[in-house]
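# Structure assessment
These are the residues of each chain, in order.
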Amino acid sequence: MGMGYHAAMLDRADDLAKLTVLDESGTPVELGTFWRERTAVLVFIRHFG
Amino acid sequence: VQLHRDIDQLTAAGADLILIGNGAPHFIAGFRELTGYQGPIYTDPSLATFRAAELQRGVGKTLDPRGIGKGIGAFVRGHRQGRTQGDPWQQGGVLVIAPSGDVLWHHASGRPGDNASIPEIVTALGGERPAAERHA
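Residues numbered from 1 in each chain as written. Chains lettered and ligands numbered in written order. Predicted model: local features only at pLDDT ≥ 70, side-chain atom pairs only at ≥ 80, totals over all residues. Heavy atoms only, no water.

## Observations concerning the overall build of chain A
Per the secondary structure count, chain A includes one helix and three strands. Walking chain A from its N terminus toward its C terminus, one meets helices and strands in the order α-β-β-β. Put simply, chain A shows about 2,600 Å² of open surface, and 52% of that area lies on carbon and sulfur atoms. (Helix = DSSP H or I, 4+ residues; strand = E, 2+ residues; numbered from the N terminus. Areas by Shrake-Rupley, 256 points an atom, 1.4 Å probe, with all protein chains shown as cover.)

The structure is reproduced here in structure tokens:
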């Protein structure tokens, strides 16, 4: 553990918040909506393509 | 599946787990079938969010087009790649983001098998670390 930890790497998610991802039907969803109410754990996965 | 326990722990710590992949949207259904995961899952074939999340160092190698093709082929055949017997949860990285917009925790996976552990994430959320820490 700890090898990938970068405390100073990214402090704020302001830029990320404006980006969109696609749901299963291909509809864009703004990333910032995920942490508007509750803390979000975003797990970026390499798989399914 | 360990993941279900992990999700329960994160929820108890006051957070929502959201998966973001990078394949075509129609791959999501197959991923759900493969893993049994019912929670929120999205995809970003453009990889813009992966870059903005500063995971490029971690995912750069595996996102080589040849690597992607290999991954898809393996996925379709049901043979999952990776050191951990093809863990479909192999991460490009994890970000924990508070409603304030502060990034509480950031983990960029450097190689297959280098995944953030749930106990680490729960600790970042200010939750209790499980007594028996285990490897993700």
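## Considerations on the overall build of chain B
Helix and strand content of chain B: six helices and four strands. Order of helices (α) and strands (β) in chain B, N terminus to C terminus: α-β-α-β-α-α-α-β-β-α. Burial statistics for chain B: of 136 residues in total, 46% are counted as buried. Across chain B, contacts joining residues at least 24 apart in sequence account for 46% of those joining residues at least 6 apart. Split by element, the accessible area of chain B, about 6,500 Å² in all, is 54% carbon and sulfur. (Buried < 20%, exposed > 50% of the residue type's maximum accessible area, 1.4 Å probe, protein only. Contact = heavy atoms within 4.5 Å.)

## A short note on the side chain of His 106 of chain B
Within the secondary structure, His 106 of chain B sits in strand S4 (residues 103-108). Owing to a relative accessible area of 2%, His 106 of chain B belongs among the buried residues under this scheme.

## Thoughts on the pairing of S4 of chain B
Residue and element names in this part refer to chain B. The element S4 is extensively covered by neighbouring structure, given that five of its six residues are classed as buried. As paired strands, strand S3 (residues 91-97) and S4 are joined by five bridges and run antiparallel to one another. Along S4, the bridge assignment pairs Val 94 with His 107. From the end of S3 to the start of S4, which pair antiparallel, there are five residues, and Gly 101 there has a positive phi angle of about 95 degrees. (Pairing = 2+ DSSP bridges.)

## Focus: the pattern of salt bridges
Throughout the structure, instances matching the rule amount to four salt bridges over all chains. As a salt-bridge pair, Arg 12 of chain A and Asp 102 of chain B come within 2.7 Å of each other at their nearest N and O atoms. One end of the pair, Arg 12 of chain A, is in the segment before helix H1 (14-18); the other, Asp 102 of chain B, is in the loop between S3 and S4, on a second chain. The closest approach of N and O atoms between Asp 16 of chain B and Arg 38 of chain A, which form a salt bridge, is 3.0 Å. With Asp 16 of chain B in strand S1 (residues 15-21) and Arg 38 of chain A in the loop between strand S2 (28-30) and strand S3 (39-45), this pair bridges two chains. A single network of salt bridges, built from pairs that share partners, joins Arg 12 and Asp 14 of chain A together with Asp 102 of chain B. (Salt bridge = Lys/Arg side-chain N within 4 Å of Asp/Glu carboxyl O.)

## A few points about the pairing of S3 of chain B
Taken residue by residue, a regular strand's side chains alternate between the two faces of the sheet. Most of S3 of chain B sits inside the fold, with seven of its seven residues counted as buried. Pairing geometry for S3 of chain A and S3 of chain B, over six bridges, is antiparallel. The partner of Val 41 of chain A across the bridge, within S3 of chain B, is Val 96 of chain B.

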